[in-house]
Amino acid sequence: MPSRQRLAPPALVAGLLLLQAPPALAQSLHSERGGLHDSPLAHRPSLTTTTLDPLRSLAISDHATVSPITARRVFEQLVRQAGGTGFTAEQLFRQLWDTQNPAPGQPDLPGGPHCSDDGNTVNGAPYPCRTLEGTEAGTVTAALDRYVLVGLFNRFDLAPVDGAHCGEYRMSFARFVPAPQVRSRNRFILEGVLPNPSPALGLEGCRPVAQAWASLSTLEDPTARRALLDALFFEGLAPGIPPVIHPQHYGDNPAGLGQVRVNMFMQAGVGAPNPWMLREFKLKRRCDAAGCSLRFYPTTVKSTPRGDFFNLQNTSPLAVAFRDHFVTQVGRLAADDFNRFDYLVPDVFNAAQSSSMPSFGSVDNFLAEFDKAAAPNTFTDALQAELQRIGSPLTPRHLVARAQALSCGGCHDLSRGTDLGGTPGVFPIDFMRFVQTQDLLAPLPTPGPDSYYPLSASLTAAFLPFRQQLLGAFLDTPALDASSPAAGVPRAVPPGQVFLTALTVTNTGTTSWSAAQGFRARSGDGAVDLTLEPGEVLHFGQSKKFSVVLTAPTTPGWQSYRWRMHRDGEAFGPELFVTVDVR
């Protein structure tokens, strides 16, 4: 058993966490979970949910809809929206893959980052070059036209409850590969975060976007469906609602929201295989003396800490600080719901890449690293103590297994068949290895109404039903609504007594409340109105405890004080009341 390890000093942990994004940006550090997953929508009854078709409104992979959308069209739009200067669409695509070559890279793509920068590291983590994928940066052939769209994905579920943005909308492109020739597989996924067109309304400002996606379930005409998707991705739904495809939606914004991810598996030959590798990029517009140009910059893979941080034998300050932080996340990881267990990973701990193939000796296998130190040890003891404190039957190993399932490599293959404990049970990975949408594209699907790029059973049986529930429940939730706990035993007060009481109100509508927007609880009895503090905002699902000073009547008996929520004179929600027994 390893010697006991002293926990990292609080000052060291605090210093390391200063390197991460501010708390307000925590949502941006999640690639797959967060947002509405922990909201009341997850279990709210919804009639609209039953009318949604996941294959039309959440994961669109039918050939008739996706085949007209080309990778070249996407990159041409990005270049045009950035001002049309600098790289061409072809060059911008090649520059993405030139990041996988050591510097200086292709001569006509100057000024960009390369895998050899900072000693082959990103965020201090290893970042080896992948020169096979780097060949896509060459100028011999038009590599951009080899890629075909295999799926459009609606991730409205990633919209935060405060409506800071309206979720992610993804385009998955795969390199055309004849089915037997699997050695040149390669993919990229554009994951654009759509801004909220009416941020003052909170989540309600995103309703037009959610409605557009939902309408695809019943829109039968193929031409009309393609036109609506063109509006969503290329043109903008309406004035004030920009298209998803815009440089500012893939990382070039103050919060750094949005990203481009790649899944790489190109092979040189039987004797020199490359593991299936996942990496992440931000698209940024940079200007220098030669002008302005878009470039892709490697960044960390989110919710994917370095695997060896789970190994107690790694005593580096960063690894020790990560394990201390991991202990604070036990409650989130122990949630007994496959779609809702989660944890926060400050970016200072995130890795630069994630492999789906542990057979290559990758440290990305969290469980293998965790098992290198015999249990019990200080790390497992701390995790077990937290599990006992919250009354969870899980084991420390279950927690690490769940963290691995939330990593890039874990979700794509590494967690196949892993026991997650509790109701989630075994991780439900069941698909074409490494991918959620088929990417062996020869022959291409035959055009027709029933021609699809196949989706994984993990998507159709586990992920999509939950996203369907969230979208339907949101659409069924009114813009303005409120609730208050049922009144308890009436309080006894003497006649004429001045007394202090409290009333709790929850915002159960999708519009955020603030004094600036005219929200208040108006008295129905001539008592004082209940108002929000200047600058205070209550988002969907949040509660406010109002304290109010009242004077009891001089006549004994029951007395109720009634309020109702108003916005600029418009009443909504049920009556809120406090009852006292005057005696």
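Notes on the structure follow. (Residues numbered from 1 in each chain as written. Predicted model: local features only at pLDDT ≥ 70, side-chain atom pairs only at ≥ 80, totals over all residues. Heavy atoms only, no water.)

What to know about the state of the cysteines
Under the criterion given, the structure shown has three disulfides. Note that Cys166 is cross-linked by a disulfide to Cys206, the S-S spacing being 2.0 Å. Disulfide Cys166 to Cys206: torsion about the S-S bond roughly -85°, handedness left-handed. One end of the pair, Cys166, is in strand β5 (residues 165–175); the other, Cys206, is in the loop between β6 (184–195) and α9 (207–215), and 40 residues separate them in sequence. Under the relative-accessibility criterion, Cys206 is labelled buried at 0%. Residue pairing for Cys287: its cysteine sulfur links by disulfide to Cys292, the two sulfurs lying 1.9 Å apart. (Disulfide = S-S within 2.5 Å. Helix = DSSP H or I, 4+ residues; strand = E, 2+ residues; numbered from the N terminus. Buried < 20%, exposed > 50% of the residue type's maximum accessible area, 1.4 Å probe, protein only.)

With respect to the sheet that holds strand β19 (residues 557–567)
The five strands lie next to each other as β12-β20-β19-β15-β16, forming an open sheet whose pairing is mixed. At either margin of the open sheet sits one strand with a lone partner, and together these are β12 (491–493) and β16 (530–531). Strand direction decides the pairing type here: strand β15 (residues 519–523) and β16, joined by two bridges, are antiparallel. Among the inter-strand pairings, Arg520 is bridged to a residue of β16, identified as Thr531. (Pairing = 2+ DSSP bridges.)

Details of unusual backbone geometry
Residue Pro104 is reached from Ala103 by a cis peptide bond, and omega for that bond is 10°. The topology assignment puts Pro104 in the loop between α6 (89–98) and α7 (117–120). Pro376 follows Ala375 through a cis peptide bond whose omega is 0°. Within the element layout of this structure, Pro376 appears in the loop between α13 (366–370) and α14 (378–389). Phi at Asn120 is positive, roughly 60°, even though this residue is not glycine. Of note, Asn120 is situated in helix α7. With a phi angle near 60°, Asn123 is a residue other than glycine that sits in the positive phi range.

Comments concerning a nonpolar patch on the surface
The grouping of Val498, Leu500 and Val549 at the surface amounts to a nonpolar patch, some 290 Å² of accessible area in total. Along the polypeptide, Leu500 turns up in strand β13 (residues 498–507). (Patch = residues over 30% accessible without salt bridge, like charges linked within 9 Å, V, L, I, M, F, W, Y side chains within 5 Å. Areas by Shrake-Rupley, 256 points an atom, 1.4 Å probe, with all protein chains shown as cover. Salt bridge = Lys/Arg side-chain N within 4 Å of Asp/Glu carboxyl O.)

Side note on the sheet that holds strand β18 (residues 543–551)
Reading across from one edge, β11-β13-β18 is the order of the three strands in this open sheet, with antiparallel pairing throughout. The strands lining the two open edges of the sheet, one partner per strand, are β11 (482–483) and β18.

Let's talk about the side chain of Asn507
Within the secondary structure layout, Asn507 lies in strand β13. Look at Asn507 and you get buried, because its relative accessible area is 0%. Within the structure, Asn507 has its side chain in polar contact with the side chain of Trp513 (distance 3.4 Å). Not counting residues up to four positions away in its chain, the partners in contact with Asn507 are Asp481, Ser512, Trp513, Leu538, His539, Phe540, Gly541 and Gln542. (Polar contact = N/O pair within 3.5 Å; in protein donor to acceptor, adjacent residues only side chain to side chain. Contact = heavy atoms within 4.5 Å.)

Thoughts on α6
Among the 10 residues that make up α6, 10 are buried, leaving the element largely enclosed by the rest of the structure. For α6, every residue scored as buried is listed here: Ala89, Glu90, Gln91, Leu92, Phe93, Arg94, Gln95, Leu96, Trp97 and Asp98.

Remarks on the nonpolar core
Nonpolar side chains in soluble globular proteins generally cluster together in the buried interior. Residues Val74, Met171, Phe188, Phe233 and Phe326 are the most contacted members of the largest nonpolar core, which totals 118 residues. Of the residues forming this core, the biggest block, 10 residues, is contributed by helix α17 (residues 457–476). Look past the residues within four positions of Met171 in its chain and what remains in contact with it is Ile69, Val74, Leu149, Gly151, Leu152, Phe188, Ile189, Leu190, Phe233 and Ile245. If you look at the next biggest cluster of nonpolar residues, it comprises 24 residues, including Val493, Leu503, Phe519 and Val548. (Core = buried A, V, L, I, M, F, W, Y, C linked by side-chain atoms within 4.5 Å.)

Brief notes about α17
With 20 residues, α17 should cover 28 Å at 1.5 Å per step; its first-to-last C-alpha distance of 28 Å lies within 8% of that length. For α17, the tally of buried residues reaches 15 of 20 residues, placing the bulk of the element in the interior. (Expected span 1.5 Å × (residues − 1).)

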